[in-house]
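Descriptive structure summary
Each chain is listed here by its residues.
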Amino acid sequence: MARRIDVTGTGGVRLAAWEFGDPPKPDPAGADPDAQGAHPVHQGSPGVLLLHGLMGRASHWAPTARWLSERHRAVALDQRGHGRSDKPPQGSFARDAYVDDAEAALEQLGLAPVVLIGHAMGALTAWQLAARRPDLVRGLIICDMRASALGAASQREWDQWFKSWPLPFATLADVRKWFGEDDPWVERPNPARGEFYAEVMAESPDGWRPVFDPEQMLRSRETWVYDAHWEELAQVRCPALVVRGLDGELGRAEAQEMVRVLPRGQYAEVADAGHLVHYDQPEAWRAAIEPFLDSLTES
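Residues numbered from 1 in each chain as written. Predicted model: local features only at pLDDT ≥ 70, side-chain atom pairs only at ≥ 80, totals over all residues. Heavy atoms only, no water.

Observations concerning the side chain of T64
With respect to the secondary-structure elements, T64 resides in helix α1 (residues 62-68). Polar contacts involving the side chain of T64 include one to the side chain of W285, which spans 3.1 Å. For T64, the contacting residues outside a window of four places in its chain are L50, H278 and W285. (Helix = DSSP H or I, 4+ residues; strand = E, 2+ residues; numbered from the N terminus. Polar contact = N/O pair within 3.5 Å; in protein donor to acceptor, adjacent residues only side chain to side chain. Contact = heavy atoms within 4.5 Å.)

Okay, here's the thing in structure tokens:
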């Protein structure tokens, strides 16, 4: 059963954080019980903060969070503009706002020093925070996110893609079918992709619509479409694992260059997985990241 914890991001934005698994058994030598939101964990096992990608939400991490909770206190955050968190019409969706929010969440939840696990946009937030506040971060897992700029053409393509959605969807089955089969961006049927998008729809009087504002998503993308983030990657001092889906958006050559740039970088890839690695192949995803997490616990 999910447990919601409200935290406050930069500018007073209300953020929803979620625990999806049973907490680890109490350990008297664990977390500081006086820290806000603190929670006992196994001795030596760091807390984990999970950051979803663009358009995602914390619940996309639920299966991962459940097995993580066997040994860690694992919390997934709905980032601003996403899930159950605030979507301020005039709020900032720049990189600094996302990173500031994650930093505030870590401190209010009492998770640090933490392992940050991020998918896509969430991975960028994670490595920017690790570069800025090395004292808060014990380890980093980057899932299918490029460090290079994507270019203006990518932003135009996404704008047109959002406009192509046949909104509103009559049923969730229609959501699953369109994103899993009918979307022109789908090369072959992908049920996991359909499920991913069904998770970010809410019922309205005229049908099913996304819980996010597409214009806010485009504003969020601007900060990595036009800018590269290699410099911040090089500033990450903690152990870091770069994970890519074999058919994902992060190519092998760029992923391996990211590992080279990271001072303590490691590499893993998941076969038969696209961009949504943890959704496409959850067991292989676990097998890819669990040894890295174990090494952090043992160190």
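Having seen the structure, we can now continue with the description.
Brief notes about the layout of surface pockets
Roughly 1,000 Å³ of internal volume is contained in the largest pocket. Lining the largest pocket are 35 residues; nearest its centre among them are R193, D247, E249, G274 and H275. Every element with two or more residues in the lining of the largest pocket is listed here: α4 (152-164), α6 (191-198) and α7 (214-225). Partitioned by chemical class, the residues of the lining of the largest pocket number 16 nonpolar, eight polar and eleven charged. (1 Å grid on protein atoms, 1.4 Å probe; cavity = no way out; pocket = protein on both sides within 12 Å on 5 of 7 lines; lining within 4 Å. Points joined across faces, edges and corners; volume = space filled by probe spheres on them. Nonpolar A, V, L, I, M, F, W, Y, C, P; charged D, E, K, R; others polar.)

Re the environment of L241
Structurally, L241 can be placed in strand β9 (residues 240-245). Considered as a pair, L241 and L140 are 101 residues apart in the sequence and their alpha carbons are 6.3 Å apart. Look past the residues within four positions of L241 in its chain and what remains in contact with it is L140, I141, I142, Q266, Y267, A268, A288, I289 and F292.

Quick word on the pattern of salt bridges
Under the defined criterion, the tally for this structure stands at 25 salt bridges. A salt bridge links R132 to D100; the nearest nitrogen and oxygen atoms lie 2.6 Å apart. Linking R132 in helix α3 (residues 121-132) with D100 in helix α2 (residues 95-109), this pair joins segments that are 32 residues apart in sequence. With a relative accessible area of 26%, D100 lands in the partly exposed category. The salt bridge partner of D182 is K177, with a shortest N-O separation of 2.9 Å. Residues participating in the shared-partner salt-bridge network are D96, D100, E103, E107, R132, R133 and D135. (Salt bridge = Lys/Arg side-chain N within 4 Å of Asp/Glu carboxyl O. Buried < 20%, exposed > 50% of the residue type's maximum accessible area, 1.4 Å probe, protein only.)

A closer look at the packing of aromatic side chains
As enumerated under the stated definition, the model contains 20 aromatic pairs in all. Consider the rings of W158 and W185, whose centres lie 5.7 Å apart with planes at 70°: the pair is edge-to-face. With W158 in helix α4 and W185 in the loop between α5 (172-182) and α6, this pair connects stretches of sequence that are 27 residues apart. Taking the relative accessible area as the measure of exposure, W185 reaches 39% and is therefore partly exposed. (Phe/Tyr/Trp six-rings, centres within 6.5 Å; stacked < 30°, edge-to-face > 60°.)

What about the pairing of strand β10 (residues 265-270)?
Both β9 and β10 contribute to a ladder of six bridges, which runs parallel. Looking at the pairing, R244 lines up with E269 of β10. A crossover links β9 with its parallel partner β10, the connecting element being helix α9 (residues 252-261), and its sense is right-handed. (Pairing = 2+ DSSP bridges. Right-handed = clockwise from strand over helix to strand, strands pointing away.)

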